[in-house]
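# Coordinates in review
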Amino acid sequence: PRVIFSGIQPTGIPHLGNYLGAIQNWVRLQNRAAPDDTILYCIVGYHAITLPQDPAHLETERLNMLASLLACGINPKTSLLFNQDQVPEHAELAWILNCITPMGWLSRMTTWKSKLAVARNASSEDEINDSMLNLGLFAYPVLQAADIMIHKSTHVPVGEDQTQHLELAQDIARAFNHKYSDDLFPTPQQLSTPTKRVLSLRDPTQKMSKSAPSDKSRILITDDPAAITAKIRGAVTDSISEITYHPERRPGVSNLISILAACTSEEPNLDLGTIARSYQGKRIQDLKQDVADAVIAKIEPIRKEYEKIRAESAWLRDVSDAGDTLARERASRTMSEVKKTVGLARM
Ligand code: TYM
């Protein structure tokens, strides 16, 4: 049986990259799970606070994220949906893993290196400056490994930007098993979608992200049809009028084609070159119109559902309490085994 696990930070409404790279796949895996599979999805508040967060704002973002995941189709009756920050065992295992993870492994993480590079050149008003390079940010991937391992997860559906973190989690799981000569932890496998890297609509050399300065660079799952159309129409492409699929040479157009495929097909293994050829003789505006229509068809029901669910605060709290309780039970079982294994069992 598989244990499918993933997490998302409560740092803003999910964008199309989060949705097509991860959440849509979470829903698909949930809906096609075998009876003995276990599916867990969590909102990772402990990861969010590795960067500065306003406490009141963070509370709101956590509720927004819960409502977003439910609106996207996560069913709390079949998936264990919970808040990482309400399950202390995640942090407890992270500490034990900190004690077997060489600092060199963490220094090599590109997420860390890029923040380091920004901070080194930053002025005090910049997004990241030197004082924000805290120990938690450095150890971020170890906490992620703990999230995965505490539930003995076997499969982790994430986008491409998480590949290096997942490889680290595999290394840490192996290191733990090796050190304590035990096979307590499975080696978690990454599950990706064909849209594992959705690109920014303003700068197609970058991934779509929550932190990019321009709102026009990303589509949120709560955007209305007019906003979606405007953002897709404004998407940066190139000066070639023909439509071809070539992700290296033509990232902007290729990004639009892959978004189109991911929004129109249930089985998103379509040959993107074939889609491109179906636009032979057509203009980029025609493609953009179709992309906008496809994204709206995908997002509009989610947006409406979000508005409805977000108003049901009492129900949201019930869902999260129930999930947190179950996750804690599950995590505490693993934690007892771990503590026994490392010599820290109850006396
Ligand atoms: P986060 O919150 O940054 O992103 C959530 C998910 O969205 C994917 N994603 C994308 N996929 C395709 N194209 C994009 N432009 C794009 N942007 C984001 C991410 O790959 C991710 O799957 N560290 C994780 C959260 C985490 C986690 C975990 C994940 C904490 N513990 C344990 C898996 C297992 C993160 O920051 O995701």
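Residues numbered from 1 in each chain as written. Predicted model: local features only at pLDDT ≥ 70, side-chain atom pairs only at ≥ 80, totals over all residues. Heavy atoms only, no water.

## Concerning unusual backbone geometry
The phi angle at Lys-152 is positive, at roughly 50°, despite the residue not being glycine. What makes Lys-152 partly exposed here is its relative accessible area of 23%. (Buried < 20%, exposed > 50% of the residue type's maximum accessible area, 1.4 Å probe, protein only.)

## Notes on the domain arrangement of the protein
Buried accessible area, meaning the area lost when the parts come together, often serves as the stated size of an interface. One can read the domain layout of the protein as domain 1 (3–197 + 313–342) and domain 2 (222–308). A straight line from the C-alpha centre of domain 1 to that of domain 2 covers 29 Å. Residue-level contacts link 15 residues of domain 1 with 17 residues of domain 2. Of the roughly 1,300 Å² buried where domain 1 meets domain 2, counting both sides, 62% is carbon and sulfur surface. Three residues, Leu-16, Arg-28 and Ala-71, lead the burial of domain 1 against domain 2; their summed loss comes to 34% of the area buried on that side. Where domain 1 touches domain 2, the interface holds zero salt bridges. (Domains from an automatic or database assignment. Contact = heavy atoms within 4.5 Å. Buried area = accessible area lost by both parts, 1.4 Å probe. Salt bridge = Lys/Arg side-chain N within 4 Å of Asp/Glu carboxyl O.)

## With respect to helix α3 (residues 55–72)
Between its first and last C-alpha, α3 extends 26 Å over 18 residues, near the 26 Å set by a 1.5 Å rise per residue. For α3, the buried fraction is high: 13 of the 18 residues fall into the buried class. (Helix = DSSP H or I, 4+ residues; strand = E, 2+ residues; numbered from the N terminus. Expected span 1.5 Å × (residues − 1).)

## Things to note about the nonpolar core
Membership of the largest hydrophobic core comes to 58 residues, with the highest contact counts inside it found for Leu-69, Leu-287 and Val-295. A total of 11 residues in this core trace back to one element, the largest contributor, which is helix α12 (residues 284–310). Each of domain 1 (3–197 + 313–342) and domain 2 (222–308) gives at least three residues to this core. Residues within four places of Leu-69 in sequence aside, it is in contact with Ile-8, Ile-23, Trp-26, Ile-43, Ile-74 and Leu-81. Ranked by size, the runner-up nonpolar core spans 43 residues in total, among them Ala-94, Met-109, Leu-166 and Ala-331. (Core = buried A, V, L, I, M, F, W, Y, C linked by side-chain atoms within 4.5 Å.)

## What about the site of the ligand?
Every one of the 27 residues lining the ligand counts as a neighbour, but Tyr-140, Asp-147, Gly-159, Asp-161 and Val-198 are closest to it. A distance of 2.7 Å is found between a nitrogen atom of the ligand and a side-chain nitrogen or oxygen belonging to Asp-147. Within the backbone of Gly-159, one N or O atom sits 2.8 Å away from an oxygen atom of the ligand. Protein contacts shield 96% of the accessible area of the ligand, which totals 710 Å² for the unbound molecule. Listed by contribution, the elements that provide at least two residues to the shell around the ligand are β1 (3–8), α1 (16–31) and α7 (135–150). Looking at the shell around the ligand residue by residue, the class counts come to 10 nonpolar, 12 polar and five charged. (Near = heavy atom within 4 Å. Polar contact = N/O pair within 3.5 Å; in protein donor to acceptor, adjacent residues only side chain to side chain. Areas by Shrake-Rupley, 256 points an atom, 1.4 Å probe, with all protein chains shown as cover. Nonpolar A, V, L, I, M, F, W, Y, C, P; charged D, E, K, R; others polar.)

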